[in-house]
Amino acid sequence: MFSQLLVVLRSCAPLLVAALLALAGACSRSGATATEPAATPAQQVQQHVAQELARLDRHVRQQLLPLATRGTSLDSLRRSFRACRLLYKRVEPFTEYYMPGTARLLNGPPIGEVEVAENKDFEPGGFQVLEEMLYPEYDAANHAELVREVRAVQREISNARTRWEVQELTDAHVFDVLRLHVFRVVSLGITGFDTPLSPAATFPETAATLAALQPVLAYYAPTTSAAKPKQQAYATAQQQLTQAARYAQLHPDFNAFDRLTFIKDHANPLGQALLACQRELGIQPFQEVRALRSDAATLFDSAAFNPDYYAPTTGHYRTAARVALGRQLFHDPVLSAGNGRSCASCHQPNKAFTDGLAKNATLTPGGLVRRNTPTILNAALQAGQFYDLRSTTLENQAVDVVGNRDEMHGSLEDAARELTRRPEYVQQFRRAFPQSEVGAKATITPVQIQTALAAYERSLVRLNSRFDQHVRGERQALNAEEIRGFNVFMGAGKCGTCHFAPLFNGTVPPGFTEAESEVLGVPATPAARRLDTDQGRYVQVQLPQLRHSFKIPTVRNVALTAPYMHNGAYQTLEQVIDFYNKGGGKGLGLTVDNQTLPDTPLNLSAPDQKALKAFLLALTDTTSTR
């Protein structure tokens, strides 16, 4: 009877359906026989997700595929497509967590994925590819391609169902899924990342995916005889889920949605409530090293991130002694040829570790280095280094820079021999590496220099700007214009679909294990009206789509890091905002066949652009940048 009722109500508001599913979960727990032990909450969650995957599969096979095959009316096809995406949102928390490859093929960006190690690219697929076929216009000439893509989606869903049958869950994993999905909503969902061409669907889908967490949490409902703190923690978590989903449901307008209010008043309290409920139930967070700490209650916690995650091994983790040593080496020209330059010569602390130049001079007079000097504040929270992402660690970056003929033209081996001759350095290395051969033979190694430099850079995490203070509860830290600017950044400006909150760089949340790059079509100079000749990532990986592709840098501390872009083409934030507002290089009339930035104008008003700049300036935090 209950399943029949769900069929009738399938098109109803997601909150009502979630409530009915939660009730179903409670009924299933109470219906176990005396001889048949009740399934554990984790087992029930596994069964629940299997049922939701089956619903999604049925919809694609019985509705979306037939409609696409028959070439029915566009309105009917779009309605079925939107219904399909809403159904996917009910399983998305688990596909993203347990089957990221499948999740990408079902709902990843509509651009190919590059496998650098194999020098290959893989075609995109899934709902965002279908969205491009259906919005903003539909070309009947692409009918066969549309049908093929729907069939591909159906196959991926079928594969997901097969894989899910053998998936084993634990309680800790389930709660990890719940919080990480809230974080995904905050960093990706509310930006329109999943709905780039149908923004009207963004917040109905946000409401649906949050409502889908309620029946999952319901399997962990304490009994009526449980201690009051457990009951209260559970009730609070469910209440926060309801309120967050309802806020998204009641504010569907993409441009008008107050994202900062949603984060402060709903998403952050929800993350905190879920963690509190988990702990009250005696389910401890994982004890493992992750980029986003496993016990982070929100994305904006002051210590949410662990920069040591990106170190190559545990032997490269920070210690106070290594950070102090790395700081001294960073400012010492001993690493360069002829003691002509230190790291700090270009990465100047008083300029947010940049140099204020479009391109710095080469070590030998008369030339310029290849690219603009980036900030190293928060560089430790990137999954890739350099504008072309050629280095995966700060340790490797150090080798590259020191050995670069134009930059330092030095040698870590030569520097190690020179440092070994300095007793004060030998003592510092002994403190930093007490178990190494420094203590026995007074021999300093290149690896130790790399490790110390990287440790210092990992100490340069600064996530306490006025924006951070505001989102953590200090309401007066931002003014009305800066708040408006954040909403433009995450909404109409589409900045947040590449510069992901809260790091505002291209490290993809909520896993923070991959670094994104984009083809923007940056001109050689604002006046030249010709594309910059730098080939970007294509130099390292010979794939056409990577020509002129560059890492997405952080926009934190942009008040201090002008000029901007990989070539320092733009001197002011106003110029940068105007570039994006016009649609990048293509929007300026340049030939950029592989541009990944949408080339349609953003049409931001002058007040919106002014507010956007105000928000960017509120991201400044250079505390203790020695």
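Residues numbered from 1 in each chain as written. Predicted model: local features only at pLDDT ≥ 70, side-chain atom pairs only at ≥ 80, totals over all residues. Heavy atoms only, no water.

## Details of the overall build of the protein chain
Here comes step 1: The number of helices and strands found in the protein chain is 25 helices and four strands.
Here comes step 2: The C-alpha atoms of the protein chain give 26 Å as radius of gyration, which agrees with the globular expectation for 626 residues (25 Å, within 12%).
Here comes step 3: With respect to the three principal axes, the spread of C-alpha positions in the protein chain is 85 × 60 × 50 Å.
Here comes step 4: Counting every position in the protein chain, which comprises 626 residues, the buried fraction comes to 54%.
Here comes step 5: Put simply, of all contacts in the protein chain between residues at least 6 apart along the chain, 66% involve residues at least 24 apart.
Here comes step 6: Accessible surface for the protein chain amounts to roughly 26400 Å². Of this, 52% is attributable to carbon and sulfur atoms. (Helix = DSSP H or I, 4+ residues; strand = E, 2+ residues; numbered from the N terminus. Rg over C-alpha atoms; globule rule 2.2 N^0.38 Å. Buried < 20%, exposed > 50% of the residue type's maximum accessible area, 1.4 Å probe, protein only. Contact = heavy atoms within 4.5 Å. Areas by Shrake-Rupley, 256 points an atom, 1.4 Å probe, with all protein chains shown as cover.)

## Focus on the packing of helix H10 (residues 202-211) against helix H12 (residues 228-250)
Here comes step 1: Packing of H10 against H12 leaves a shortest axis separation of 7 Å and a crossing angle of 165°. The angle between H10 and H12 falls in the class roughly antiparallel. Helix-helix and strand crossings are classified by hand; for H10 and H12 the assignment is left-handed. Here Phe203, Thr206, Ala207, Leu210 and Ala211 of H10 come into contact with H12, specifically with Leu241, Ala244, Ala245, Ala248 and Gln249.
Here comes step 2: Along the lines of polarity and charge, the residues of the contact of H10 with H12 split into eight nonpolar, two polar and no charged. (Axes fitted to C-alpha atoms, helices over the stretch in contact; angles between N-to-C directions. Parallel < 35°, antiparallel > 145°, perpendicular 65-115°, else oblique. Left-handed = near helix turned anticlockwise from the far one by under 90°. Nonpolar A, V, L, I, M, F, W, Y, C, P; charged D, E, K, R; others polar.)

## Topic: the nonpolar core
Here comes step 1: In terms of nonpolar packing, the biggest core is built from 122 residues, with Phe262 and Phe467 touching the most fellow members.
Here comes step 2: Apart from the residues within four sequence positions on either side, Phe467 is in contact with Leu260, Phe300, Leu478, Phe486, Phe504, Phe615, Ala618 and Leu619.
Here comes step 3: Within the second largest apolar cluster, 32 residues are counted, among which are Val323, Phe353, Met408 and Ile449. (Core = buried A, V, L, I, M, F, W, Y, C linked by side-chain atoms within 4.5 Å.)

## Considering the side chain of His499
Here comes step 1: If you trace the backbone, His499 turns up in the loop between helix H22 (480-490) and strand E3 (517-519).
Here comes step 2: When residues no more than four places from it in sequence are discounted, the contact partners of His499 are Phe489, Phe504, Asn505, Ile552, Pro553, Val555 and Tyr580.

## Comments concerning the packing of aromatic side chains
Here comes step 1: Tallying each qualifying case throughout the model produces 29 aromatic pairs.
Here comes step 2: Among the aromatic residues, those joined into a ring-pair cluster are Phe300, Phe467, Phe486, Phe489, Phe504 and Phe615.
Here comes step 3: In this arrangement the basic side chain of Arg259 is found over the ring face of Phe254, its NZ or CZ atom lying 4.6 Å from the centre.
Here comes step 4: Across the ring face of Tyr538, the terminal group of Arg547 is positioned such that the distance to the ring centre comes to 3.9 Å. (Phe/Tyr/Trp six-rings, centres within 6.5 Å; stacked < 30°, edge-to-face > 60°. Lys NZ or Arg CZ within 6 Å of the ring centre and 35° of its normal.)

## Thoughts on the confidence of the model for the protein chain
Here comes step 1: Residues at a pLDDT of 70 or more form 92% of the protein chain, whose mean pLDDT is 92.
Here comes step 2: Within the model, pLDDT remains below 50 along residues 19-24, and this stretch shows 13 contacts once partners closer than five positions in the same chain are excluded.
Here comes step 3: Predicted confidence for residues 28-32 stays below pLDDT 50, and this span has eight contacts to residues more than four positions away or in other chains. (pLDDT = per-residue confidence, 0-100.)

## Comments concerning helix H17 (residues 412-420)
Here comes step 1: Of the residues making up H17, those classed as buried are Leu412, Ala415, Ala416 and Leu419. One side of H17 carries all its buried residues, which in axial view fall inside an arc of 100°. (Arc of directions from axis to C-beta.)

## Description of helix H13 (residues 259-280)
Here comes step 1: Taking 1.5 Å of rise per residue, the 22 residues of H13 would be expected to cover 32 Å, and the 30 Å separating its terminal C-alpha atoms lies within 8% of that figure.
Here comes step 2: Along H13, the sharpest kink reaches roughly 30°, centred on Ala267 and followed within four residues by the proline Pro269.
Here comes step 3: Following H13 by one or two positions, Gly282 has its phi on the positive side, about 80°. (Expected span 1.5 Å × (residues − 1). Bend = angle between axes of the 7 residues up to and from the residue.)

## Description of the environment of Ile577
Here comes step 1: Examined against the element boundaries, Ile577 turns out to sit in helix H23 (residues 573-581).
Here comes step 2: According to the relative accessible area criterion, Ile577 is buried, its value standing at 9%.
Here comes step 3: Sequence separation of Ile577 and Lys613 is 36 residues, and the distance between their C-alpha atoms is 8.0 Å.
Here comes step 4: When residues no more than four places from it in sequence are discounted, the contact partners of Ile577 are Gln609, Leu612 and Lys613.

## Some words on the state of the cysteines
Here comes step 1: According to the stated counting rule, one finds zero disulfides in the structure shown.
Here comes step 2: With no disulfide of its own, Cys343 lies closest to Cys346 among cysteine sulfurs, the gap being 8.9 Å.
Here comes step 3: Taking the relative accessible area as the measure of exposure, Cys343 reaches 12% and is therefore buried. (Disulfide = S-S within 2.5 Å.)

## Digging into the packing of helix H9 (residues 171-187) against H13
Here comes step 1: Relative to each other, H9 and H13 sit at 170°, their axes nearing to 10 Å. The orientation of H9 relative to H13 falls into the category roughly antiparallel. In this structure, H9 contributes Phe175, Leu178, Arg179, Val182, Val185 and Val186 to the contact, and H13 contributes Phe262, Ile263, Ala267, Leu270, Gly271, Leu274, Leu275, Cys277 and Gln278.
Here comes step 2: Split by residue class, the contact of H9 with H13 holds 12 nonpolar, two polar and one charged.

## With respect to unusual backbone geometry
Here comes step 1: The linkage connecting Tyr135 with the following residue, Pro136, adopts the cis geometry, with an omega of -10°.
Here comes step 2: With respect to the helices and strands, the residue Pro136 is situated in the loop between helix H7 (127-134) and helix H8 (143-165).
Here comes step 3: With an omega of -5°, the peptide bond running from Ala562 to Pro563 counts as cis.
Here comes step 4: Mapping Pro563 onto the fold places it in the loop between strand E4 (549-551) and H23.
Here comes step 5: The phi dihedral of Phe353 is positive, around 65°, even though this residue is not glycine.
Here comes step 6: At Phe512, a residue that is not glycine, the phi angle is positive and equals roughly 55°.
Here comes step 7: Considering the arrangement of structural elements, one finds Phe512 in the loop between H22 and E3.
Here comes step 8: Relative accessible area serves as the criterion here: at 0%, Phe512 is assigned to the buried category.

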